[in-house]
Amino acid sequence: MYAIIETGGKQYTVSPGDEIKVEKIDGGIGDSVTFDKVVAVSDEDGTLHAGNETGGSVSATISGHGRHKKIDVFKFKRRKMYRRRMGHRQSYTQVRIESISGE
């Protein structure tokens, strides 16, 4: 059984027991989170139910917070001596998927 959820503007395929990194969510370690924006849910027999009428939800537990590796942002215009260098580190929340409830 798996589900496709949407959070932080991205979609993730999850199964019970998976640990995924999503965009930062408010809450402490050990708090439970429910993802209500479920795009699709599969049954035990493998049938995929998609669309707005799925009515499913995915419950998860926050297992940590952190920041991704730094990326370099470099702006450059040739022959103009224009150079700008910046860096960015995106914050994330690591969650452990506990259960998926379908229709």
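Coordinates for the structure precede this section.
Residues numbered from 1 in each chain as written. Predicted model: local features only at pLDDT ≥ 70, side-chain atom pairs only at ≥ 80, totals over all residues. Heavy atoms only, no water.

Tallying each qualifying case throughout the model produces one aromatic pair. On the basis of an interplanar angle of 15° and a centroid distance of 6.3 Å, the ring pair of F74 and F76 is categorised as stacked. Under the relative-accessibility criterion, F76 is labelled partly exposed at 48%. The residue whose ring lies beneath K77 is Y82, and the NZ or CZ to ring-centre distance is 5.1 Å. (Phe/Tyr/Trp six-rings, centres within 6.5 Å; stacked < 30°, edge-to-face > 60°. Buried < 20%, exposed > 50% of the residue type's maximum accessible area, 1.4 Å probe, protein only. Lys NZ or Arg CZ within 6 Å of the ring centre and 35° of its normal.)

Among the nonpolar cores identified, the biggest contains 17 residues, and A3, I5, V14, I20, F35 and V58 are the most heavily contacted of them. Elements with a contribution of two residues or more to this core: β1 (3-7), β2 (10-14), β3 (19-23), β4 (32-35), β5 (38-42), β7 (57-67) and β10 (91-101). Residues in contact with F35, not counting those within four places in the same chain, are I5, T7, I25, S57, V58, A60 and V95. (Core = buried A, V, L, I, M, F, W, Y, C linked by side-chain atoms within 4.5 Å. Helix = DSSP H or I, 4+ residues; strand = E, 2+ residues; numbered from the N terminus. Contact = heavy atoms within 4.5 Å.)

One pass over the full model with this rule turns up four salt bridges. For E6, the salt bridge goes to K37, with nearest N and O atoms at 3.9 Å. You can see E6 sitting in strand β1 and its partner K37 sitting in the loop between β4 and β5, a full 31 residues away along the chain. Judged by relative accessible area, E6 falls into the partly exposed class, the value being 28%. (Salt bridge = Lys/Arg side-chain N within 4 Å of Asp/Glu carboxyl O.)

We now examine the sheet that holds β3. Reading across from one edge, β3-β10-β7-β4 is the order of the four strands in this open sheet, with antiparallel pairing throughout. Where the open sheet ends on each side, the last strands, each with one partner, are β3 and β4. Neighbouring strand axes in the sheet, compared pairwise and without regard to direction, differ in orientation by 45° on average. Sheet analysis places β4 next to β7, joined by four bridges and oriented antiparallel. Looking across to β7, one finds that S32 is bridged to T61. (Pairing = 2+ DSSP bridges. Axes fitted to C-alpha atoms, helices over the stretch in contact; angles between N-to-C directions.)

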